[in-house]
Amino acid sequence: MNARPRRFVPRALLNLAAVVVILASLFPVYWMVNTSLLPASAVRSEEPHWWPDAFTLRNYEAALGDQGLITALLNSVAVTAITLVAALVFAFLASIAVSRYRFRSRGAFIIAILVIQMIPAEAMIVSVFRVLDGWYLLNTIIGLAFVYIALVLPFTIWTLRGFVNGIPAELEEAAMIDGCSRIGAFWRITFPLLAPGLIATGVFAFIQAWNEFVFALVIMTRPDSLTLPIWLRAFVQVTKATDWSVVMAASTIMAVPVIVFFLIVQHRMSSGLVAGAVKG
Amino acid sequence: MTVLSPPAAAPQSAAQPHDEQPRRPRRFPWGPLALLTPAVIMMAVFIGWPLIQLVIMSFQEFGRAQIFGAPPEFIGLGNYISVLTDPAFWAVLGRSVGLCLVSVAATMVLGILIAVMMTKLGAVMRTAVSIALLLAWAMPALTATIVWGWIFDTEYGLVNWVLTQVTGESWIGHSWLSDPLSFYAVAAIIITWGAIPFVVFSTYAGLTQVPGEVMEAAALDGAGGFARFRLIVMPYIRSILLVLLVLQVIWDLRVFAQIYALQSIGGVRADTNTIGVYIYSVSMASGDLGAGGAISVILVIILLAISAYWIRTMLKQEES
């Protein structure tokens, strides 16, 4: 029985549209890498160079030779690492509480983490600036990391909670009947099953902290305390007219870690935000 | 160890007389609260406390003098009145809403079309489209903005070169960012380009839930393509589209990095601000934290009102 609906769009047209979508999505990423591999003279030639035919790594040398980039890179790595570890540990503990217990303030907590996700960072810069200023945390890595931890916790708790929900508590109970302690059952049974969830949320925290712009712009203003995005923004303003190829090399250095980590966990990124709506 | 008390079924099992841990009647839930403490402290100190400060500050005269130690003075609704009577604020709000509406409309329409297209493609093509969209999605907003800024560059940008080739006139030297309208057009392209993948993947996930048998049955009963989409597919993906719409509106209304970075590539700051960048320039650059606070509170209220639907949907999922 073949009652397939009649085709309205011919296959060739469909594939053509698909190719257009592919090109439009890929081109800016390709163009960034391509420009970063070309010498400044080729970038400023009459005809665009569609591929790195005058291949050079000098732009990366120039970017990495900039003391500002190295400082910013180290600051970003430090802030991101602190955020990642702390957010994972705190979100892990909180997600256990939300998922495995029923207590009176649980509903209020869940509403709070949903509402916090919708409060724009842009609206918080003024008061976060003042609060950190009062505690002498401006221009410090730990101060910025504290803000980032608070910023990513709502989403990381929400996502991890979904993973913990997916692991039946009966597994732990069975291990306890077999003689495990409660903590032992948790560590040996639930924790290993949670590994994919921890990786997914960890990557989210990494990307957030690595890309964050607004708070870093306000909190980290001294030249030696800039993070990578803030440094890059300033670098573009200074060099754009003269040297797009070095700008593209610096952009590639910033973008590559994010793209790699994102691709690892991509299939889990969307589910957290819309999971409630997918089930018809 | 008392840190972990009974799991999920606690209230019911505590009520039963033969509980496995009968010496624990209903009592204060120390276990979960201990687990929540670190997260709650971080969010309370670095989001809750600043939020309270923000509201207080928005009712205070808080300018440069106060930054350097003068005690702030309460001026009631003074900041709100001066912000709401300032034509610059309304101009910025209008531009933000305009940019947001155009970007959201383009994102949703193209996103849904691409998602529908993906359901009709062969396996190889579909995988290729997915990978391309994933790469665009993974690209940090800041680097995407810089690359698009380079593509639209005045002197050596690709767009000007292509236009020169196509039209035969020289477009070299045409500045896309100095005119506010074309600045916003470029910004809308950047925002839409970055937002489409999320809409496509979410919509596609919803479309795959539509049972094929129902579609076949409808086709046999004589429903045309459009009728099938409207009567069968739409009810399946309606709630997901609404959630996506709400999220897109919120994300596009508060857009910051793209606008701020694009302004440093070119463009007149005063004419191209959106609400987020405006808050930054009023409070950080001009030093009027009171007015900045008032605008921030207004933005929070607008966004929370829009996101109420999203929060309700997520809570419903939590209950089920």
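Residues numbered from 1 in each chain as written. Chains lettered and ligands numbered in written order. Predicted model: local features only at pLDDT ≥ 70, side-chain atom pairs only at ≥ 80, totals over all residues.

Enquirer: Could you give an account of the overall build of chain B, naming the residues involved and the relevant values?
Expert: Secondary structure assignment for chain B yields 15 helices and 2 strands. Against the globule reference of 20 Å for 320 residues, chain B gives a C-alpha radius of gyration of 26 Å, more extended than a compact globule. Seen through its C-alpha atoms, chain B measures out along the principal axes to roughly 90 × 75 × 35 Å. Burial status across chain B gives 42% buried among its 320 residues. Long-range pairs, those at least 24 residues apart, make up 68% of the contacts in chain B with a sequence separation of at least 6. (Helix = DSSP H or I, 4+ residues; strand = E, 2+ residues; numbered from the N terminus. Rg over C-alpha atoms; globule rule 2.2 N^0.38 Å. Buried ≥ 20, exposed ≤ 12 C-beta atoms within 10 Å, placed from the backbone. Contact = placed C-beta atoms within 7 Å.)

Enquirer: Can you break down the overall build of chain A residue by residue, with the values?
Expert: A count of helical and extended segments in chain A gives 13 helices and 0 strands. When its helices and strands are written in sequence order, chain A yields α-α-α-α-α-α-α-α-α-α-α-α-α. For 280 residues, the compact-globule estimate of 2.2 N^0.38 gives 19 Å, and the C-alpha radius of gyration of chain A, at 24 Å, exceeds that figure by more than 25%. Across its three principal directions, the C-alpha atoms of chain A cover 75 × 75 × 35 Å. Within chain A, the fraction of its 280 residues that count as buried is 46%. Long-range contacts, defined here as pairs at least 24 residues apart, represent 75% of the contacts in chain A between residues at least 6 apart.

Enquirer: Talk me through the interface of chain B and chain A; I want residue IDs and the actual numbers.
Expert: Contacts between the two partners involve 96 residues from chain B, matched on the other side by 84 residues from chain A. When residues in the side of chain B that touches chain A are grouped by element, the largest group, 16 residues, is from helix H2 (residues 30–57) of chain B.

Enquirer: Go over the packing of helix H12 (residues 228–239) of chain A against helix H12 (residues 257–265) of chain B with me, naming the residues and quoting the values.
Expert: Any two packed helices are characterised by how steeply their axes cross, that is the angle between the axes, and by the distance between the axes. With their axes 8 Å apart at the nearest point, H12(A) and H12(B) run at an angle of 25° to one another. Of the possible angle classes, the one that applies to H12(A) and H12(B) is roughly parallel. For the pair H12(A) and H12(B), contact is made by Arg233(A), Val236(A) and Gln237(A) and by Ala261(B), Ser264(B) and Ile265(B), respectively. (Axes fitted to C-alpha atoms, helices over the stretch in contact; angles between N-to-C directions. Parallel < 35°, antiparallel > 145°, perpendicular 65-115°, else oblique.)

Enquirer: A description of helix H7 (residues 141–165) of chain A should follow, citing residues and the corresponding values.
Expert: Residues and elements named next belong to chain A. With 25 residues, H7 should reach 36 Å at 1.5 Å per residue; the first-to-last C-alpha distance of 34 Å fits that figure. The sharpest bend along H7 reaches about 40° and sits at Leu-153, with the proline Pro-154 one to four residues further on. When you tally the buried positions in H7, you get 22 out of 25 residues, the bulk of the element. (Expected span 1.5 Å × (residues − 1). Bend = angle between axes of the 7 residues up to and from the residue.)

Enquirer: Can you lay out the confidence of the model for chain B for me, pointing to particular residues and giving the numbers?
Expert: All names here are of chain B. The pLDDT averaged across chain B works out to 86; a share of 90% of its residues lies at or above 70. Low confidence marks residues 1–25, where pLDDT is under 50. Its contacts with residues over four positions away, or in another chain, come to 26 contacts. Model confidence for the complex: the whole-complex pTM is 0.87, and ipTM, which rates the interface, is 0.87. (pLDDT = per-residue confidence, 0-100.)

Enquirer: So, the environment of Arg188(A): which residues are in play, and what are the values?
Expert: Note on placement: Arg188(A) falls in helix H9 (residues 182–193). Sequence-distant contacts of Arg188(A), that is, excluding residues within four places in its chain, are made with Ala175(A) and Cys180(A).

Enquirer: So what's going on with helix H10 (residues 195–211) of chain A? Residues and values would help.
Expert: In this model H10(A) runs 24 Å from its N-terminal to its C-terminal C-alpha over 17 residues, within 8% of the 24 Å that 1.5 Å per residue would give. For H10(A), the complete set of buried residues consists of Gly197(A), Ala200(A), Thr201(A), Val203(A), Phe204(A), Ala205(A), Phe206(A), Ile207(A), Ala209(A), Trp210(A) and Asn211(A).

Enquirer: Which residues make up the packing of helix H6 (residues 121–134) of chain A against helix H14 (residues 275–285) of chain B, and what values do they have?
Expert: At a closest axis distance of 8 Å, the pairing of H6(A) and H14(B) adopts a crossing angle of 15°. Classified by the interaxial angle, the pair formed by H6(A) and H14(B) is roughly parallel. The crossing of H6(A) and H14(B) is right-handed. Here Glu122(A), Ala123(A), Ile125(A) and Val126(A) of H6(A) come into contact with H14(B), specifically with Gly276(B), Ile279(B), Tyr280(B) and Ser283(B). (Left-handed = near helix turned anticlockwise from the far one by under 90°.)

Enquirer: With reference to specific residues and values, describe unusual backbone geometry.
Expert: All names here are of chain A. The backbone of Tyr-136 shows a phi angle near 55°, a positive value even though the residue is not glycine. Along the polypeptide, Tyr-136 turns up in the loop between H6 and H7. The class for Tyr-136 is exposed, based on 9 C-beta atoms found within 10 Å. The backbone of Asn-139 sits at a positive phi, close to 60°, despite the residue not being glycine.

Enquirer: Give me the lowdown on the environment of Pro257(A), citing residues and values where you can.
Expert: Tracing the chain through its elements places Pro257(A) in helix H13 (residues 244–278). Sequence separation of Pro257(A) and Trp210(A) is 47 residues, and the distance between their C-alpha atoms is 9.1 Å.

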